[in-house]
Amino acid sequence: MPKVTIADCAGFCFGVERAIKLVYDARKNHDNVVTFGPIIHNPQAVSDLESMGVFVKNSIGDITSAMTAVIRTHGASKDDAAQLNARAHSVLDATCPFVKKVQSAAQELSKAGYSVVVVGEADHPEVHGIISYIDGEYFNVVSVEEAEKLPERDKYGVVAQTTQNGKAYDEIVSVVKTKAISADVSVAYTICNATHNRQAAALELAKHVDVMIIVGGRNSANTTRLYQLCKAVCERTYHIETKAEVSSVMMADAAHVGISAGASTPNFIVSQVKDYILENGK
Ligand code: SF4
């Protein structure tokens, strides 16, 4: 039987815990509660809510005046939030306060006349939300290579999607500094500590185990990043959603297995994976 270690800070973060609690409380106090988009990026957590009658609505057109709509952890765009308020019976905001901080930073930089660089994944709802708060010019980049293609501007403001890697962000900021003619670059440090701490703990564990298992939704950006970071130091790193994906091939000859999980992964799923490995590992 392999030794199995769960990394510190694995699983639910403050923002997700808060959002889930808000939805459960909403269900007690309101009829017809829906979430605008999945409340968190974890299919199992979303199914659990569906089994209690809390369904996901992905389109504004599906929101009616009979519904209490919950804005998800990653936030909504300014326009979507306004439309939700106009259509739903009531709106509850489960946007993580750290995500709100990025939205405000982007808005303030744009109001102060900076061209804003949003460092984050273009197709991520959090990034869509952040961009919606920018009134002036903005650029969305996710890598040093993309930052190198930025045009020269008088002054740049930079914000990061909360789940970005701190070191990669610093490298991108260094490149942006070469693009500001006035040398005025205002950087908002908006990466969430929960992400940093989880990444550091997982990375440290991955260096000392034979196999590293990252548990979380395939649609979760922070889970995917955790997988990529660990894969760089532990070749036998696997990204799974549930224990059903653990195979004997993955576990072959592993004396020590490490587990970490993204911010949106419920603790019960992490525990199930650990128990499964302990019961089935040779
Ligand atoms: S990872 Fe950070 S920013 Fe994202 S929901 Fe959790 S606490 Fe908030």
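For every chain, the first residue of its written sequence is number 1, and the numbers climb from 1 along that sequence. This being a predicted model, a pLDDT of at least 70 is required before a residue's local features are given, and a value of 80 or more before pairs of side-chain atoms are given or counted; all residues contribute to the totals for chains, interfaces and linings. Side-chain metrics rest on all non-hydrogen atoms present in the structure, leaving aside hydrogens and water.

Participant: Explain the sheet that holds strand 7 (residues 138-141) to me, please; I cannot follow it from the model alone.
Facilitator: As a general point, the strands of a sheet are linked pairwise by backbone hydrogen bonds and lie either parallel or antiparallel. Pairing in this open sheet of four strands is parallel, and the strands run 7-6-8-9 from one edge to the other. Only two strands of the sheet have a single partner each, and these edge strands are strand 7 and strand 9 (180-187). Pairwise comparison of adjacent strand axes, ignoring direction, gives a mean angle of 25° for this sheet. Looking at chain direction, strand 8 (residues 153-160) and strand 9 are connected through five bridges and run parallel. Bridge pairing in strand 9 links Val 158 to Val 187. In this scheme, strands are said to pair when DSSP sees at least two bridges between them. Where helices and strands are cited, they refer to DSSP runs of H or I of at least four residues and of E of at least two residues respectively, numbered from the N terminus. The convention used is that axes are lines fitted to C-alpha atoms, helices contributing only their stretch in contact, and that angles between N-to-C directions extend from 0 to 180 degrees.

Participant: Mind showing me how you'd approach the sheet that holds strand 12 (residues 256-261) here?
Facilitator: Spatially, four strands are ordered 1-12-10-11 in an open sheet, and the strand pairing comes out parallel. Of all strands in the sheet, those with a lone pairing partner are strand 1 (3-6) and strand 11 (237-240), marking the two edges. For this sheet the average axis-to-axis angle between neighbouring strands, irrespective of direction, equals 20°. Where strand 1 meets strand 12, four bridges bridge the pair, whose relative direction is parallel.

Participant: Whenever I open this one, the site of the ligand confuses me. Can you help?
Facilitator: For this purpose, a residue is taken to be near a molecule or strand whenever a single non-hydrogen atom of the residue falls within 4 Å of it. If you check the shell around the ligand, you find Cys 13, Gly 15, Thr 73, Cys 96, Phe 98, Thr 162, Cys 192 and Thr 195 and nothing else. Residue composition of the shell around the ligand, grouped by class: four nonpolar, four polar and no charged. Here the nonpolar group is Ala, Val, Leu, Ile, Met, Phe, Trp, Tyr, Cys and Pro; Asp, Glu, Lys and Arg are the charged ones; every other residue, Gly included, is treated as polar.

Participant: How should I be thinking about the packing of aromatic side chains in this particular structure?
Facilitator: Two descriptors summarise a pair of aromatic rings, namely the distance from one centre to the other and the angle between the planes of the rings. Ring geometry is summarised as follows: Phe, Tyr and Trp rings, the Trp one being its six-membered ring, pair when their centres sit within 6.5 Å, and such pairs are stacked at plane angles under 30 degrees, edge-to-face over 60 and tilted between the two. For the structure on display, the rule yields three aromatic pairs. Both rings, one in Phe 14 and one in Phe 98, keep their centres 5.9 Å apart while their planes meet at 65°; by these two values the pair is edge-to-face. On the criterion of sequence distance, the pair formed by Phe 14 in helix 1 (residues 14-29) and Phe 98 in helix 4 (residues 97-111) is long-range, its members being 84 residues apart. We call a residue buried when its accessible area falls under 20% of the maximum for its residue type, exposed when it is over 50%, and partly exposed in between, using a 1.4 Å probe and counting protein chains only. Here Phe 14 falls in the partly exposed class, since its relative accessible area comes to 47%. Seen from their ring centres, Tyr 169 and Tyr 189 are 6.1 Å apart, and the 85° between their planes marks the pair as edge-to-face.

Participant: Honestly, the domain arrangement of the protein chain in this entry has me stumped. Any pointers?
Facilitator: By a frequent convention, interface size equals the accessible area lost on bringing the separate parts together. Marked domain ranges trace back to an automatic or database domain assignment. In terms of domains, the protein chain is made up of domain 1 (3-11 + 194-280), domain 2 (14-95) and domain 3 (98-187). Just the C-alpha atoms count here: the centres of domain 1 and domain 2 sit 29 Å apart. Here the buried area means the combined drop in accessible surface, using a 1.4 Å probe, for two parts upon being joined, counting both sides. Three residues, Asn 219, Glu 241 and Ser 264, lead the burial of domain 1 against domain 2; their summed loss comes to 50% of the area buried on that side. Pairs of N or O atoms within 3.5 Å make up the polar contacts considered here, provided that, within protein, one atom can donate a hydrogen while the other can accept it, and that residues adjacent in sequence are counted only when both atoms are side-chain atoms. On inspection of domain 1 and its partner domain 2, the count reaches two residue pairs in polar contact (both at pLDDT 80 or more). Grouping the amino acids of the side of domain 1 that touches domain 2 by side-chain chemistry returns three nonpolar, seven polar and one charged.

Participant: How should the pairing of strand 5 (residues 90-93) be read in this particular structure?
Facilitator: In summary, the side chains of a regular strand alternate between the two faces of the sheet. Bridge count for strand 4 (residues 68-71) against strand 5 is four bridges, and the pairing is parallel. Bridge pairing in strand 5 links Val 70 to Leu 92. We call a crossover right-handed when, viewed with both strands directed away from the observer, the connection leading from the first strand over the helix to the second proceeds clockwise. In this fold, strand 4 hands off to helix 3 (residues 78-87), which returns the chain to strand 5; that crossover is right-handed.

Participant: Sorry, what's going on with helix 7 (residues 166-177) here?
Facilitator: Residues lying three or four places apart along an α-helix face the same way, a consequence of the helix completing one turn every 3.6 residues. Here the expected span of a helix is defined as 1.5 Å times the quantity of residues minus one. Over its twelve residues, helix 7 extends 17 Å from the first C-alpha to the last, a length consistent with the 16 Å expected when each residue adds 1.5 Å. When we look at burial in helix 7, the residues that qualify are Tyr 169, Ile 172, Val 173, Val 175 and Val 176. The buried residues of helix 7 occupy one face: seen down the axis, they fall within an arc of 160°. On the buried face of helix 7, the contacting elements are strand 6 (115-119), strand 7, helix 6 (144-148), strand 8 and strand 9. Put simply, Asn 165 is the residue that caps the front of helix 7, since its side-chain oxygen is 3.1 Å from the backbone nitrogen of Lys 167. For this quantity, the arc is that covered by the directions from the helix axis to the C-beta atoms. Contacts between residues were defined by any pair of non-hydrogen atoms, one from each residue, lying within 4.5 Å.

Participant: Honestly, the packing of helix 4 against helix 5 (residues 125-132) in this entry has me stumped. Any pointers?
Facilitator: Packed helix pairs are specified by the crossing angle of their axes together with the interaxial distance, meaning the distance between the axes. Their axes nearest at 8 Å, the elements helix 4 and helix 5 cross at an angle of 35°. Crossing hand, helix 4 versus helix 5: right-handed. Of the residues in helix 5, those in contact with Val 99, Val 102, Gln 103 and Ala 106 of helix 4 are Glu 126, Gly 129 and Ile 130. Its residues placed into classes, the contact of helix 4 with helix 5 shows four nonpolar, two polar and one charged. The handedness criterion is simple: a crossing whose near helix is rotated anticlockwise from the far helix by less than a right angle is left-handed, and one whose near helix is rotated clockwise is right-handed.

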